[in-house]
Amino acid sequence: MATKEPTPMMVQYHQIKDQYPDAFVFYRMGDFYELFEDDAIKGAKILELTLTARNKNSAEPIPMAGIPHHAVSAYIDILVDAGYKVAIVEQMEDPATAKGMVKRDVVQLITPGTKLSSKNGDGKDNNFLAAVVATGSRLGDADQAAFALAYIDLSTGELKATELMDESAVLDELGALEVKEVVLAKEGDFSTPALAAAIGEKGLVVSYQGPVQPSATITYLTKDLKKPAKQTVTGLLLQYLFDTQKRSLDHIMPVQTYERQAYLVFNQVTRVNLDLVENARTKQKAGSLFALLDQTKTAMGGRLLKQWLIKPLKDLQKIQARQEAVAAFKDDFFTRGTVQDQLKYVYDLERLAAKAALGTINARDLVQLKRSLQAVPDMQAALQAEHVNPILQAAGAEIDPLFDLASLIEQAIVPEPPISVRDGDLIQPGYDDLVDSYNQALADNQDWLAAYQKQEQEATGISTLKVKYNKNFGYFIEVTKVNLDKLEEGRYHRKQTLTNAERFTTPELKEHEDLIFAAQTKRFDREYDLFLAIRARVKEEISRLQTLAQKVARLDVLAALADVAENRHFTKPEFKTDGDRALTIKQGRHPVIESLLGPGEYVANDVFFDEKTKIQLVTGPNMAGKSTYMRQVALIVVLAQMGSFVPADEATLPIFDQIFTRIGANDDLVNGRSTFMVEMAEANSALQGATSQSLILFDELGRGTATYDGMALAQAIIEYLDQNLHATTIFATHYHELTALAASHPAIQNVHVGAQLTDDGALHFLHQVQPGAADRSYGIQVAALAGLPKSLLTNAEAILRALETQGVGQVEGVEETVVKRSSAAVKDTVSPAMRNASTEATPIGDSLAQDIPLFEIASAQELPAAEMELINPADQKALDELDRVNLNQLTPLAALNLIAKLQEMRQEND
Ligand code: ADP
């Protein structure tokens, strides 16, 4: 069958769809948005729509799915949240008067990075859209940054730009900002294909933008930029917005530049590991540091707090300015309370300003704006009261409460307007003579209607006769069926017959109906015009509104931090300015764990690094609190540098430039990396990136591989840190052998988290960090707490005793071995396989190998044939079993079980 010519409508559809191949095209037809073809098939599935077809009976029906226009925003949200783009196609002319095909065009492209509505109801999340370009560094200048990045929150108008040295810095920055969509240059020198792939792998939406058209807006917004790369990237970002939004974006603020290095830098892994903005395990805000700190009352405050948290400062003066303001609020409960009470009435000023610019603000939004503005004077008065700290007085003095705008809205808009701005009832009586006159006309007519009803009741003798109104029929007289015979013939004209009543009209009624409708239409139009004028006034004040929003947000955050400081007994940290890197925390706490444990349960700990100490080795049983102790240090550093008080009785800190962490057993199976590989990659990022000003937390480094590999690597890493980096490092480990390093390395200090064995052999955790190394690991006791079978535990104890008598685990003895034995001395006693397995430069591996028969057996497959014959069959079975083990997947518990099994195998032979 010959393919039918497409209809003109489908031709138009394809013209549009071809321009937006990566978006769902929502094609407006009357009261519906229609999806066609593949969009319809895919969209029907995702949105649970009914899939129908256009030209159902033809040979080639076109798949189609419809969305009612009034519900469209919910469907758009679903698609955009799932990472898709939606192109909204509207009818550009009235179908009733259009000649031929109704003109249609894309009026907006909605994408994950340009979506304005917030999924999370409290509005405390920014939605950042970023753009990245390659800079000229590829052309030769090695010192130059490789990338420039700009980002914007379209819903607030905040625009920033920076330069970044390498790909990992770009990815970290995108992660920190929780960017969902990245704009890249379509082609040319600025395009970044390798980065595009890396961004795509992270699951972010990548959008390509063609050439930037020079415009006065772009010139104005980028006027403060000096570096061409930043200009290029900001231009690219703005052009993308102009092309996709196709409307006025007057709320975008001139771009601000920033240096990533001006802040305390940490990568995404660290942000996750420390549960800074969400709990790493649950992915929820609850259980994060942000949740604990978030006592903000406004959406702007919430967003600013999060920005402070992900970008703590390095500049001492700026930190202290925040600290002083927090202190002032903390010490003045009354002022803080008054300010916070008023903040509760402040809506999202930034987003209201943006809505005004985008033309989407309605009368209800204006009322919210008015309420927000009306809360400001009381706040300001409280801050400026006589007794108040001058820092807060100054903050109050610089607020502009926009009285003019507040009083305009107060006078013009009714307190509870409808959502629609075209159907009247928006404007306050007394604001406009014309509206008042129409209202008067309407009221007069209502009076006339009441009088007319009364008159007709009396004239007809039908007391139930009513003058009524409905939308379809306008005004009419209604007489019930039983009373119809009382009605004199020809008095009224019949309009409509119902089961129980007849509806009539009269020339007089019609005349008044016309008057009412005319007055009403005029009133609606006049009210709408007035509304537009007020909206235009608000738009003129956008930058004042944005300034106010920023000041209010800052006060909100400072008051919130003061709240937390008071309620959680935080103190103001001191900073060292004399250049040495000593650190003292007295009675420090992990604030989130403390809050979860309940009052009095948390054991506070001191942390002390003197001038020469750089590395602290923390030993102690599993579950003792090593990890908590080291995280607590990082959280205190983050809090201190963001300007907050800290959970400690006293803290004196140096200023850190970066925090690196290697905590927890994360594997990255999606990218095919084992736990151990992830561990090494994270360690590497610290070893490559840290400076003497950095803080490094390594938790259980080296445990994802065989014991000796792991221990050897751990020791080599510690020595590397000691010799090359001099960063402040806390290294928690199970390898007690490593604690001996302190004896020969002055910068290494041992501490341990205490535990006690009760008389009945149960383990009691003290959570108390004490000087010196732990005496043992208590692994079997922890296993007992986990409820492992008794016989297994007894067996494990026997194995442990056996191992200990052979030299392993004897802390004293091994310490000696580690430090003093040279690899040369033991070389001859080690099997060739052993020498392959551990490098000669790692004394631990070599020295222990000679003491532990188990390890030698593990390598037996590589023994010369003559030696192999000495192995009996049962041992061989055990060896084979050992060979099959995948160390990357072996949990401590499974290892224990394995040892028991191996022993059983060998015993079979005895
Ligand atoms: P480790 O790293 O030594 O295995 P963790 O730091 O993970 O141990 O701590 C295990 C649990 O012990 C924590 O989840 C917490 O419940 C508790 N804990 C840790 N430190 C303390 C402390 N200082 N005070 C009270 N409880 C603590």
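Before any of the text, the structure's been laid out above.
I will try to describe carefully the structure that is included in this document. (Residues numbered from 1 in each chain as written. Predicted model: local features only at pLDDT ≥ 70, side-chain atom pairs only at ≥ 80, totals over all residues. Heavy atoms only, no water.)

1. Some points on the nonpolar core
Then comes step 1: Ranked by internal contacts, the top residues of the largest apolar core, which has 114 residues, are Leu-293 and Leu-369.
Then comes step 2: Per-element tally for this core: the top contributor is helix α19 (residues 542-567), with 14 residues.
Then comes step 3: Shared between two domains, this core holds at least three residues of each, these being domain 3 (433-531) and domain 4 (574-777).
Then comes step 4: Dropping the residues within four chain positions of it, Leu-369 is found in contact with Leu-349, Leu-352, Leu-405, Ile-409, Val-538 and Leu-545.
Then comes step 5: Residues Leu-129, Val-133, Leu-241 and Leu-249 belong to the second largest nonpolar core, which totals 25 residues. (Core = buried A, V, L, I, M, F, W, Y, C linked by side-chain atoms within 4.5 Å. Buried < 20%, exposed > 50% of the residue type's maximum accessible area, 1.4 Å probe, protein only. Helix = DSSP H or I, 4+ residues; strand = E, 2+ residues; numbered from the N terminus. Domains from an automatic or database assignment. Contact = heavy atoms within 4.5 Å.)

2. Digging into the sheet that holds strand β8 (residues 147-153)
Whenever strands of a sheet pair, they do so through backbone hydrogen bonds, lying parallel or antiparallel.
Then comes step 1: Within the open sheet, the 6 strands sit side by side as β11-β10-β7-β8-β9-β12. Their pairing is mixed. One side of each edge strand has no neighbouring strand; the edge strands of this open sheet are β11 (205-209) and β12 (256-257).
Then comes step 2: Across the sheet, helix α5 (residues 193-201) touches β7 (128-134), β8, β10 (181-185) and β11, and the angle it forms with β11 is around 145 degrees.
Then comes step 3: Docked against the sheet, helix α7 (residues 228-245) engages β7, β8, β9 (158-164), β10, β11 and β12, running at close to 135 degrees with respect to β7. (Pairing = 2+ DSSP bridges. Axes fitted to C-alpha atoms, helices over the stretch in contact; angles between N-to-C directions.)

3. A few points about the site of the ligand
Then comes step 1: The environment of the ligand is formed by 14 residues, the closest being Val-603, Met-623, Lys-626, Ser-627 and Thr-628.
Then comes step 2: A distance of 3.0 Å is found between an oxygen atom of the ligand and a backbone nitrogen or oxygen belonging to Gly-625.
Then comes step 3: Backbone polar atom of Lys-626 to an oxygen atom of the ligand: 2.9 Å apart, as the coordinates give it.
Then comes step 4: Ranked by the residues each element gives to the shell around the ligand, the list is headed by helix α21 (residues 626-641), at 3 residues. (Near = heavy atom within 4 Å. Polar contact = N/O pair within 3.5 Å; in protein donor to acceptor, adjacent residues only side chain to side chain.)

4. Topic: the packing of aromatic side chains
Then comes step 1: Overall, the coordinates contain 14 aromatic pairs when judged by the stated rule.
Then comes step 2: Summarising the aromatic geometry, the rings of Tyr-151 and Tyr-258 are spaced 6.0 Å apart at their centres and angled 70 degrees between planes, so their arrangement reads as edge-to-face. Taken together, the residues span a long stretch of sequence, with Tyr-151 in strand β8 and Tyr-258 in the loop between β12 and β13 (265-266) at a distance of 107 residues.
Then comes step 3: A ring pair is formed by Tyr-469 and Phe-517, whose centres lie 6.3 Å apart and whose planes are at 75 degrees; its orientation type is edge-to-face. Taken as a pair, Tyr-469 in strand β14 (residues 466-470) and Phe-517 in helix α18 (residues 507-540) lie far apart in primary sequence, 48 residues in all.
Then comes step 4: On the basis of relative accessible area, Tyr-469 is assigned to the partly exposed category, the value being 43%.
Then comes step 5: Within the aromatic cluster, the residues linked to one another by ring pairs are Phe-128, Tyr-151, Tyr-258 and Tyr-263. (Phe/Tyr/Trp six-rings, centres within 6.5 Å; stacked < 30°, edge-to-face > 60°.)

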